[in-house]
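Analysis of the macromolecular model
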Amino acid sequence: MAVGWFYLSVLALCSLGSMCILSTIYWIWYWQGGFAWDGTVLMFNWHPVLMVTGMVVFYSAASLVYRLPQSWVGPKLPWKFGHAAMHLLAFILTVLGLHAVFDFHSHRKIPNLYSLHSWLGITTVFLFACQWFLGFAVFLLPWASVQLRSLLKPIHVFFGASVLSLAIASVISGINEKLFSSLKNGTNSYSRLPSEAVFANCSGMLVVVFGLLVLYILLASSWKRPELGMQAERQLLLQLGPGSRPSPMTDVVGQPYEPW
């Protein structure tokens, strides 16, 4: 029942994530004129799509890799590679999104990094880069000791959730900033709540709901990879039978234990 509920939740998240991306594409295509890569405002239009896709949806998918029950058994290294590769893909999309907005600003002679949205966004990307390089150096490369990984794991998890939270805040503030700049004439102002404003606001709310569900799954203890402890030991004893004791360095399925 628990596994079935998990996969139902994953299906709901996949649907919500797809809706976040598709609604952003539709908003830009229908109301903002579409896309191009020529330094015009159509190049800027890639920015919201790439940031929602990379920093929110793909980042969330990479973060949830270790919540899959299949990752709880057997060697952990393939899941580490998958986790790092998906985050790297999210980072590449994010960098492309930043390039789109900076290149547009340079063509139009518009100052960079003056709004709260831009400060939030660049802080998020900086923390994301630090998070990825720390994870790659400590948890993927073989040099780090078990003690060091155990020490840094809570920090890595905390900043992973923090980056997602900041990404959601950046997306919401970015949608608001874009609407204020594009809906500023008297007949179609933002305060009159035209159809574009309604649609973009709903897209922003979709991102919020998606992000909150991802954060819930990341933080819920019942969805985490089982760690060493009394509960795990009792489960393993039940599997092994009376009189048996598990090795202190095995997990609930008898595989070599890795703290991360």
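Residues numbered from 1 in each chain as written. Predicted model: local features only at pLDDT ≥ 70, side-chain atom pairs only at ≥ 80, totals over all residues. Heavy atoms only, no water.

1. Observations concerning the packing of helix α5 (residues 116-140) against helix α6 (residues 146-182)
Direction vectors running N to C along α5 and α6 enclose 155°, while the axes themselves pass 8 Å from each other. In terms of orientation, α5 lies roughly antiparallel with respect to α6. Helix-helix and strand crossings are classified by hand; for α5 and α6 the assignment is left-handed. For the contact of α5 with α6, a count of residues per class yields 13 nonpolar, ten polar and three charged. (Axes fitted to C-alpha atoms, helices over the stretch in contact; angles between N-to-C directions. Helix = DSSP H or I, 4+ residues; strand = E, 2+ residues; numbered from the N terminus. Parallel < 35°, antiparallel > 145°, perpendicular 65-115°, else oblique. Left-handed = near helix turned anticlockwise from the far one by under 90°. Nonpolar A, V, L, I, M, F, W, Y, C, P; charged D, E, K, R; others polar.)

2. With respect to the packing of aromatic side chains
Following the criterion strictly, the structure yields 14 aromatic pairs and no others. Ring centres 6.0 Å apart and planes at 90° place the aromatic pair Tyr 26 and Trp 31 in the edge-to-face group. The partly exposed category is assigned to Trp 31, whose relative accessible area is 26%. Plain terms: the ring middles of Trp 31 and Phe 199 are 5.3 Å apart, the flat faces sit at 40° to each other, and that makes the pair tilted. A residue pair is termed long-range when its members are at least 10 positions apart, and Trp 31 in helix α1 (residues 2-31) and Phe 199 in helix α7 (residues 195-219) qualify at 168 residues. The class of Phe 199 is partly exposed, set by a relative accessible area of 24%. Within the aromatic cluster, the residues linked to one another by ring pairs are Tyr 26, Tyr 30, Trp 31 and Phe 199. (Phe/Tyr/Trp six-rings, centres within 6.5 Å; stacked < 30°, edge-to-face > 60°. Buried < 20%, exposed > 50% of the residue type's maximum accessible area, 1.4 Å probe, protein only.)

3. Some thoughts on the side chain of Ser 60
Here Ser 60 lies in helix α3 (residues 46-63). Among the polar contacts made by the side chain of Ser 60, one reaches the main-chain carbonyl oxygen of Val 56 at a distance of 2.5 Å. (Polar contact = N/O pair within 3.5 Å; in protein donor to acceptor, adjacent residues only side chain to side chain.)

4. Looking at the UniProt feature "transmembrane region" (unreviewed entry) in the chain
When the UniProt feature table is mapped to this numbering, "transmembrane region" (unreviewed entry) covers residues 7-29, 49-69, 81-102, 122-143, 155-175 and 198-219. Each end of residues 198-219 is marked by a C-alpha atom, and these two atoms are 32 Å apart; helix forms 100% of the span and strand 0%. (UniProt positions renumbered as here; feature names shortened; annotations may be inferred.)

5. Considering the environment of Leu 120
Tracing the sequence through the fold places Leu 120 in helix α5. Along the backbone, Leu 120 and Ala 169 are 49 residues apart, and their C-alpha atoms lie at a distance of 7.6 Å. Every residue in contact with Leu 120, bar those within four places of it in the chain, is listed here: Leu 166, Ala 169, Ser 170 and Ser 173. (Contact = heavy atoms within 4.5 Å.)

6. Focus on a nonpolar patch on the surface
On the surface, Trp 37, Leu 88, Ile 92 and Leu 96 cluster together to form a nonpolar patch covering roughly 360 Å² of accessible area. Position of Trp 37 relative to the elements: it lies in the loop between α1 and α2 (41-44). For Trp 37, a relative accessible area of 44% translates into the label partly exposed. (Patch = residues over 30% accessible without salt bridge, like charges linked within 9 Å, V, L, I, M, F, W, Y side chains within 5 Å. Areas by Shrake-Rupley, 256 points an atom, 1.4 Å probe, with all protein chains shown as cover. Salt bridge = Lys/Arg side-chain N within 4 Å of Asp/Glu carboxyl O.)

7. Structural notes on the nonpolar core
Across soluble globular proteins, you tend to see nonpolar side chains buried next to one another. Counting 40 residues, the largest nonpolar core has Cys 20, Val 56, Val 57, Leu 179, Phe 210 and Val 214 as the members making the most contacts within it. Those elements that place two or more of their residues in this core are α1, α3, α4 (77-108), α5, α6 and α7. It is α7 that contributes the most residues to this core, nine residues altogether. Apart from the residues lying within four places of it in its own chain, the contact partners of Phe 210 are Leu 13, Leu 16, Gly 17, Cys 20, Val 56, Val 57 and Ser 60. (Core = buried A, V, L, I, M, F, W, Y, C linked by side-chain atoms within 4.5 Å.)

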